[in-house]
Every structure is written in C-alpha cells, then in structure tokens.
Amino acid sequence: MRKMKIRDIPSELKLFLYFMILAVAGTFFLSLPFMYKDGSPYPLLDVLFTTVSAMCVTGLSTFGADNFSSAGLIVLMIIIEAGGLGLIVFFSLYLVRPGTKVSHINRNFMRGFFLPSVETNTKVIITEILYYTFAIQAVASLLLMIILKSEGYEHYIFRSIFLSVSAFCNAGFSPYPDSLASFSHSVPFTIVISALIVLGGLGFTVMQDVWRLIKAKSKGKRYRLSFHSRIVLSMTAALLLVPTLLFLALEHNRAFATLSTSETLCAAFFQSVTVRTAGFEMTSQSALCSASALVSCLLMIIGGNSGSMAGGIKTTTLYLILCNAFRDDGDEGDLSVFKRDISDRTIAKSNSIATKAIMLLFALLFFLMVAEGESIKQGIFSTGDLLFEVISAISTAGLSRAVTPNLSCAGKILIIISMYIGRTGIIAMSMRIKAKSAYFSCAYPHEEILVG
C-alpha cells in the first residue's frame, strides 16, 4: 500500500490546519498584558473572538482595537495580513523549501486563484500576488500618511500602515475608537480607503489582467481582458453605483441629515463599498433605516470577487445565478452570455454555493436565536439585528448593529464558528456529495418533477 506523503494531503485540510494554528498563536500573543494600553487583557473568549475575526479578515470584535497598545496593534496587523493572505502565505512557506514538489491536486487548488489564460505557473502566481499586495499597501500607506499628517493626527506613520493593511485585506479593524467616523469629512481619505477595499475585493486574477492591459496599451499593443475580468469589473461597478444611489435616496434625510452635500456623497459611496466585505464604519449601522439594512444584508451576502480577500458568495456566482434564472425555458445546451458559452458544471457550482450559503446562514441564525433568546425577550436586540450579525460574520463583512459586545458566551462561540466557516469554507467542503465512480455509472430513465 502506497504511503501518503505530506504533499499529497488535500490543500483544503492544510488550509484548515493553517488557520487553526494561526488562531491559537494569535490568541496566545494577544492574551499577554503588554498588548493592551492598561496592561489588562480581556477574557480569553473575547481575545479568541478578536483573533479569529482578524485572521478571517472580518472586523467584528467585542472590544475596540483602540484598546491595544502599539505592540498589540502590530500583532493584530500581522494576524490580519497572515489571514488575508492565508492561502498564499501558507503555500509560499511550503514551496520555498528546497526540493519541494507540488502535487497535481494542490496545484489545481492553487490555480483557483488565477485563470489558466492569465497564469499557469504556481510559483509565479504566489510571487505576483505578494508583489501586488505589498506594492498596493505601500503606495496607500504613503498617501494615508500625507492625509493624516495634514489633518493633525498623531502616530500617523504606523496608523497609516495599519489602515492600509486592514483596508486592503478587507479586515475592518481601525486603531480609532469610532472606526472611521471621524474621517467622514475627508474626501481624500475616503477615496484612498475605498480604493484599497475595492482592490482587495477585486481578486488577483483581475488585477493582473488589468495591469497587463495597461502595459499593452502603453506600448501600443492590443490586449483583451479575459471574460472573467470583464464580468467582475461590470458587476463591481454596478454594485458600487446602484447601492450608492439607494443609500442616498434612503438616508439623505435620516442618517446623513447632518452631513454636507460632499460628505453625504462620501458616506453613501463608502457604505456601498464597505458593506460588501470591509467592515469599516463612517456611519453607524444602527442609525440606518430598515430598508438600508436590508440592502446592506444583500450586499454582504454577495461579497467580493473570487480569488480575493473578500467573503460572500462572490459577484461572479451572483451573475451566473441571475443569468441562469432568467434563461428562457426553451433554451438548450450551455448558457450563452455575450457570445460565450458557460458550462453546466459552472452553473451547477454557482447554484451549489448559493444553496449551501443559505442553508448555513439559516442554521446559524436559528442557533444564535436560541442562544440569545433571553436578550431578544428583554429587547436588548431584535431578530433582525441577529440576522444582520450572522450575515456579517459568515460573509466576513464585519459590520454590526451594536450586537457583538452584548452577545452571550454561546453567541460569541457561534459567531466565531460563522466567521471561520466564512473564511475557510470547511463546512461547505464537507457537504460535497461525491459522484459514483465512472466505472459504475449507468443511465436511468428520466422522470418529470413539477417545479415553480
């Protein structure tokens, strides 16, 4: 019997173990007294909650990141970076060892971050992802330093770096007690943070594809974006523009009533950016009306794009589901979109992802409602608030309607599990139904089932 080698272990399991080790190590370091300004660590469950939130780039926390000392913020930033680049960091460490070979299974898993038409070499994929990440974060840090210094903020160098990492990784942690509410007046700051969030949620495939287009155009050469990139960019633009208009219409006389015209535009745009995956706040989520909260929930479920820092079911998944949903019943063969055929396998995968996400969402909401039954009864928060919290956790969006600090121990554990599921997808992977071997396949009679 052939002995299994380490390189043959499924990458999904390796990634799961990587995040487990990161959670334990992060919790240990953030439990040390000098990690806090007052030298008093928070309870272990709260520290674990914050660690998991950071490594899952979510942003939910039972206490503010402003309570950390400089050392604590540095550790938190490292956890965010290691979590945001979790797969890439892991494979980087794994591949740099002399003589290391990547199994066929692991190579295919790694290529899930890039389209074959864009790049096929696994080590090149890793190198380019790290290059894009650190280059974007470095440029953004410099811009934020200029902005924070001009506005008179202290410790602007370190905090610019921290915000750059947190925003690009879509983590949502801020060193300021009000998240980013104090910057609602600053248009340049809003633009930089929004750009970081959008770039972090685009996906490395798209960033590389766009960069190649820019280089080709600068040299007078022709280059066509991949079909994937065109769909991602179109969906991203639509999911930025439409929600911005909705938030403007719904909140200009409510949550944005005290803001100037420019500040209102910034607040509406930033809400449409941050709500899909980032978790920063310029406007309190509790101040938004019910209709805005519903829009926010839908955006959190959608999330960012495949192969990015973002969570959610992804924009491309939504796109395929919508195309298939409005497909004519008489259409036969593969789904055709913009003169391109999409395989039934891809459509089935999109439907599977959405179905599993909905099942997990309602299962977690049910258990959270049971755990927080007494708080609901006392009016501390509503069922709608808990729904918002669960969606935020499982989609790693990181926004909250003032629920997180008031959760019971059981509630915190459930949210920890939700964030972990949202980042690793371990439960969804365990729900896969393996088809029978082709050697035993056979055809069965077709039957009809009434639907709709």
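In case you missed it, the structure is sitting above this.
Reference entry: report on the structure contained in this document. (Residues numbered from 1 in each chain as written. Predicted model: local features only at pLDDT ≥ 70, side-chain atom pairs only at ≥ 80, totals over all residues. Heavy atoms only, no water.)

What follows deals with the packing of aromatic side chains. Two numbers describe a pair of aromatic rings. These are the distance of the centres and the angle of the planes. In this structure the tally under the stated criterion is 13 aromatic pairs. Both rings, one in Phe-28 and one in Phe-29, keep their centres 5.3 Å apart while their planes meet at 75°; by these two values the pair is edge-to-face. Overall, the relative accessible area of 52% leaves Phe-28 in the exposed class. Chaining the aromatic ring pairs together yields one cluster made of Tyr-36, Tyr-42, Phe-63 and Phe-68. Its end group placed over the ring of Phe-388, Arg-401 keeps NZ or CZ at 5.9 Å from the ring centre. (Phe/Tyr/Trp six-rings, centres within 6.5 Å; stacked < 30°, edge-to-face > 60°. Buried < 20%, exposed > 50% of the residue type's maximum accessible area, 1.4 Å probe, protein only. Lys NZ or Arg CZ within 6 Å of the ring centre and 35° of its normal.)

Right, let's talk about the nonpolar core for a bit. Core analysis: the biggest nonpolar cluster contains 103 residues, and Ile-80, Phe-189 and Ile-193 have the highest contact counts within it. The element contributing the most residues to this core is helix H3 (residues 70-84), with seven residues. With near-sequence residues (within four places) excluded, Ile-193 lies in contact with Leu-144, Leu-163, Ala-167, Leu-180, Phe-270 and Phe-280. (Core = buried A, V, L, I, M, F, W, Y, C linked by side-chain atoms within 4.5 Å. Helix = DSSP H or I, 4+ residues; strand = E, 2+ residues; numbered from the N terminus. Contact = heavy atoms within 4.5 Å.)

Turning next to the layout of surface pockets. Computed from the structure, the second largest pocket encloses a volume of approximately 580 Å³. Lining the second largest pocket we find 28 residues, and of these Gly-59, Ser-61, Pro-177, Ser-179 and Glu-281 sit closest to its centre. Class assignment of the residues belonging to the lining of the second largest pocket gives a composition of eleven nonpolar, 14 polar and three charged. (1 Å grid on protein atoms, 1.4 Å probe; cavity = no way out; pocket = protein on both sides within 12 Å on 5 of 7 lines; lining within 4 Å. Points joined across faces, edges and corners; volume = space filled by probe spheres on them. Nonpolar A, V, L, I, M, F, W, Y, C, P; charged D, E, K, R; others polar.)

A separate point is empty space enclosed by the protein. Counted according to the given criterion, the structure contains one cavity of 30 Å³ or more. Considering the residues around the largest cavity, the lining is formed by Ile-197, Val-198, Gly-201, Leu-202, Val-273, Arg-276, Thr-277, Gly-304 and Asn-305. For the lining of the largest cavity, the element with the most residues is helix H8 (residues 187-202), which contributes four residues. Tallied by class, residues from the lining of the largest cavity come to four nonpolar, four polar and one charged.

In this section: the side chain of Ser-400. Tracing the chain through its elements places Ser-400 in the loop between helix H16 (383-394) and helix H17 (409-424). A residue is classified by how much of its surface remains accessible, and Ser-400, at 15% relative accessible area, is buried. Polar side-chain contacts of Ser-400 include one of 2.7 Å to the side chain of Glu-389. (Polar contact = N/O pair within 3.5 Å; in protein donor to acceptor, adjacent residues only side chain to side chain.)

Spanning twelve residues, helix H2 (residues 44-55) covers 16 Å between terminal C-alpha atoms, matching the ideal 16 Å at 1.5 Å per step. Restricting attention to buried positions, one finds in H2 the residues Asp-46, Val-47, Phe-49, Thr-50, Thr-51, Val-52, Ser-53, Ala-54 and Met-55. Directly beyond the C-terminal end of H2, a positive phi value near 45° is found at Val-57. (Expected span 1.5 Å × (residues − 1).)

So, on to unusual backbone geometry. The backbone phi angle of Val-57 is positive, close to 45°, even though this residue is not glycine. With relative accessibility at 0%, the residue Val-57 sits in the buried group. We note that Ser-179 has phi near 60°; this positive angle belongs to a residue other than glycine. Its location among the elements puts Ser-179 in the loop between helix H7 (156-168) and H8.

Taken as a whole, this structure holds two salt bridges when the rule is applied. The closest approach of N and O atoms between Lys-412 and Asp-46, which form a salt bridge, is 2.8 Å. With Lys-412 in helix H17 and Asp-46 in helix H2, the pair connects residues that are 366 residues apart, well separated along the chain. Owing to a relative accessible area of 9%, Asp-46 belongs among the buried residues under this scheme. One salt bridge in this structure joins Arg-401 and Asp-385, with 3.1 Å as the shortest N-O distance. Linking Arg-401 in the loop between H16 and H17 with Asp-385 in helix H16, this pair joins segments that are 16 residues apart in sequence. Exposure class is identical for Arg-401 and Asp-385. Each is buried. (Salt bridge = Lys/Arg side-chain N within 4 Å of Asp/Glu carboxyl O.)

Scope: geometric values only; no functional claims are made or implied.
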